[in-house]
Amino acid sequence: MIHTSDRSLFRSLHTPARPLALANVWDAASARIVEAAGAAAIATTSAGVAWSLGAPDGDRVSRDLVLGVIARITAAVAVPVTVDIEGGYGGTPAEVADTVARVLEAGAAGVNIEDGARPPGTLADRVTAARAAAERAGADLFVNARVDTYLLGLGDPATRLRDTLDRARSYVDAGADGVFVPGVTDPALIGELAAALTVPLNVMAGPGAPTVAELGTLGVARVSLGSGVAQAAYATARRAALDLHRAGGYDSLRHGIDYPELNGLFAATG
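A short tour of the structure in this document, coming up. What you are looking at is a predicted structure, and each value in this text was computed from that prediction instead of being measured. (Residues numbered from 1 in each chain as written. Predicted model: local features only at pLDDT ≥ 70, side-chain atom pairs only at ≥ 80, totals over all residues. Heavy atoms only, no water.)

Remarks on the overall build of the protein
Reasoning step 1: Within the protein one finds eleven helices and eight strands.
Reasoning step 2: Over its C-alpha trace the protein gives a radius of gyration of 19 Å, about what one expects of a compact globule, namely 18 Å for 270 residues.
Reasoning step 3: Reported as C-alpha extents along the three principal axes, the dimensions of the protein are approximately 55 × 40 × 35 Å.
Reasoning step 4: Burial status across the protein gives 47% buried among its 270 residues.
Reasoning step 5: Taking all contacts inside the protein whose residues are at least 6 apart in sequence as the whole, residues at least 24 apart take part in 68%.
Reasoning step 6: Looking at the protein as shown, the accessible area adds up to about 12500 Å², and 56% of this sits on carbon and sulfur atoms.
Reasoning step 7: Taking the average location of the 22 positive side-chain charges in the protein and that of its 29 negative ones, the two points are 2 Å from each other. (Helix = DSSP H or I, 4+ residues; strand = E, 2+ residues; numbered from the N terminus. Rg over C-alpha atoms; globule rule 2.2 N^0.38 Å. Buried < 20%, exposed > 50% of the residue type's maximum accessible area, 1.4 Å probe, protein only. Contact = heavy atoms within 4.5 Å. Areas by Shrake-Rupley, 256 points an atom, 1.4 Å probe, with all protein chains shown as cover. Lys, Arg positive; Asp, Glu negative; His and termini not counted. Charge placed at Lys NZ, Arg CZ, Asp CG, Glu CD.)

Set out below in C-alpha cells:
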C-alpha cells in the first residue's frame with residue numbers, strides 16, 4: 001500500500017522546471033520496465049489496459065478487472081502510480097466516488113478522469129465526488145481532469161480555447177489539482193493554456209511534438225504518452241507475426257529485451 005509521503009511526492013513532481021514525464025503503462029511488466037528506465041512515477045493508459053483485457057477503450061471494460069490491473073501495477077513498482085479511470089467507471093457521482101475509494105485502496109497516488117463528449121457539468125460533479133472520496137479516505141489524491149475539446153474536436157474551433165479554459169476552471173473549482181488537455185502540440189497554444197491555468201498543465205506528446213524540456217519552457221508540468229507505448233508494443237507483436245506467417249522469418253525479434261533482464265525485473269521485487 002502506498003504511503004502518504006508517496007502521494008505528496010507525486011504531487012511535488014508536477015513542475016515546469018522539470019516536467020513529470022509519463023510513459024503510460026498497461027500491466028505489471030510494462031510498469032516495471034518503465035520504472036527501471038528511471039521513471040519518477042507510473043501512469044496507466046486506459047486504452048492499453050482495456051485492450052489487454054479484451055475490450056475497446058471508452059468506458060467499456062469492467063471496473064473490477066481494471067482495479068485488478070491497478071493493484072498488480074502498484075504492487076510491482078516502488079514509485080507513485082496514477083491511474084486513468086476514463087469517465088470514472090460509474091453512471092453517477094456516487095458510483096465514481098466508489099471507484100475512487102477502491103482505486104485508493106489499490107494504492108494509487110492520482111487519477112485521471114475525463115469529460116469526453118459529456119456536458120462539462122457532468123465531469124465537474126464527478127471531480128467533486130472524487131475529491132470527497134479522497135478526503136473521506138484521508139488521502140492526498142492528485143485529481144487530473146482531462147478536457148477533450150481538442151482531442152475530440154468539440155465545439156467551434158474559433159472559440160475552442162475559451163471553451164477549454166472555461167471547462168478547466170470549472171473542474172478546478174470542483175476540486176481538480178491539474179488539467180490535462182490532450183490533442184494540442186502547437187507551442188503558442190500550449191503556452192496560452194499554461195499561462196491561463198492556476199494548476200499544473202498536462203499535455204500528451206508523441207512524434208513531432210516539442211521535447212519534454214521545450215514543453216517545460218512553455219509552462220507544461222506533466223507530459224504523457226497516452227496509448228502510444230501500448231500501440232508501439234502491439235505494433236511489434238504484429239511485425240513479428242507478419243514476419244513469421246508471411247516470410248517464415250524471425251528477424252523482427254532481434255531487438256527484444258533479453259530474457260534474463262526482463263525476468264530479473266520481477267525477481268528483484270520478490
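Some thoughts on the pairing of strand 5 (residues 142-146)
Reasoning step 1: Buried residues dominate strand 5, accounting for five of its five residues.
Reasoning step 2: Going residue by residue along strand 5, you find Phe-142, Asn-144 and Arg-146 tucked away on one face and Val-143 and Ala-145 tucked away on the opposite face as well.
Reasoning step 3: Across five bridges, strand 4 (residues 110-114) lies against strand 5 in parallel orientation. By the bridge assignment for strand 5, Gly-110 is matched with Phe-142.
Reasoning step 4: Handedness of the crossover is the feature at issue here: the chain leaves strand 4, passes through helix 6 (residues 120-136), returns alongside strand 5, and the resulting connection is right-handed.
Reasoning step 5: Following the chain from strand 5 across helix 7 (residues 160-174) to the adjacent parallel strand 6 (residues 178-180), one finds a crossover that is right-handed. (Pairing = 2+ DSSP bridges. Right-handed = clockwise from strand over helix to strand, strands pointing away.)

Here's the deal with the pairing of strand 3 (residues 81-84)
Reasoning step 1: Side chains of strand 3 alternate between two faces, with Val-81 and Val-83 and Thr-82 and Asp-84 buried alike.
Reasoning step 2: In the sheet, strand 2 (residues 42-43) pairs with strand 3 via two bridges, with the strands oriented parallel. Residue pairing in the sheet places Ile-42 in a bridge with Val-81 of strand 3.
Reasoning step 3: As judged from the three bridges shared by strand 3 and strand 4, these two strands associate in the parallel manner. Counted as the bridge partner of Val-83 is Val-111 from strand 4.
Reasoning step 4: Since strand 3 and strand 4 lie parallel, the crossover through helix 5 (residues 93-105) that links them has a hand, and here it is right-handed.

What about the packing of helix 4 (residues 63-76) against helix 5?
Reasoning step 1: Contact geometry for helix 4 and helix 5: axes closest at 10 Å, N-to-C directions at 25°. One element, helix 4, and the other, helix 5, form an angle in the roughly parallel class. The two elements helix 4 and helix 5 meet at a crossing, and its hand is right-handed. Of the residues in helix 5, those in contact with Arg-63, Asp-64, Leu-67 and Ile-70 of helix 4 are Glu-95, Asp-98, Thr-99, Arg-102 and Val-103.
Reasoning step 2: Taken together, the residues of the contact of helix 4 with helix 5 sort by class into three nonpolar, one polar and five charged. (Axes fitted to C-alpha atoms, helices over the stretch in contact; angles between N-to-C directions. Parallel < 35°, antiparallel > 145°, perpendicular 65-115°, else oblique. Left-handed = near helix turned anticlockwise from the far one by under 90°. Nonpolar A, V, L, I, M, F, W, Y, C, P; charged D, E, K, R; others polar.)

Observations regarding unusual backbone geometry
Reasoning step 1: The residue Asp-59 is not glycine, and still its phi comes out positive at about 60°.
Reasoning step 2: Along the polypeptide, Asp-59 turns up in the loop between helix 3 (46-52) and helix 4.
Reasoning step 3: The phi dihedral of Glu-86 falls on the positive side, at around 50°, and the residue is not glycine.
Reasoning step 4: Residue position: Glu-86 is located in the loop between strand 3 and helix 5.

Quick word on the pattern of salt bridges
Reasoning step 1: Tallying each qualifying case throughout the model produces twelve salt bridges.
Reasoning step 2: Among the salt bridges present, the one from Asp-59 reaches Arg-118, with a minimum N-O distance of 2.7 Å. Of the two residues, Asp-59 sits in the loop between helix 3 and helix 4 while Arg-118 sits in the loop between strand 4 and helix 6, which places them 59 residues apart along the sequence.
Reasoning step 3: Its relative accessible area of 30% is what places Asp-59 among the partly exposed residues.
Reasoning step 4: Between Glu-114 and Arg-146 there is a salt bridge, with the nearest N and O atoms lying 3.4 Å from each other. Highlighted residues: Glu-114 in strand 4 and Arg-146 in strand 5, separated in sequence by 32 residues. Arg-146 matches Glu-114 in its accessibility class, with the two residues each being buried.
Reasoning step 5: Each member of the salt-bridge network shares a partner with another, and the members are Arg-11, Arg-131, Asp-140 and Asp-177. (Salt bridge = Lys/Arg side-chain N within 4 Å of Asp/Glu carboxyl O.)

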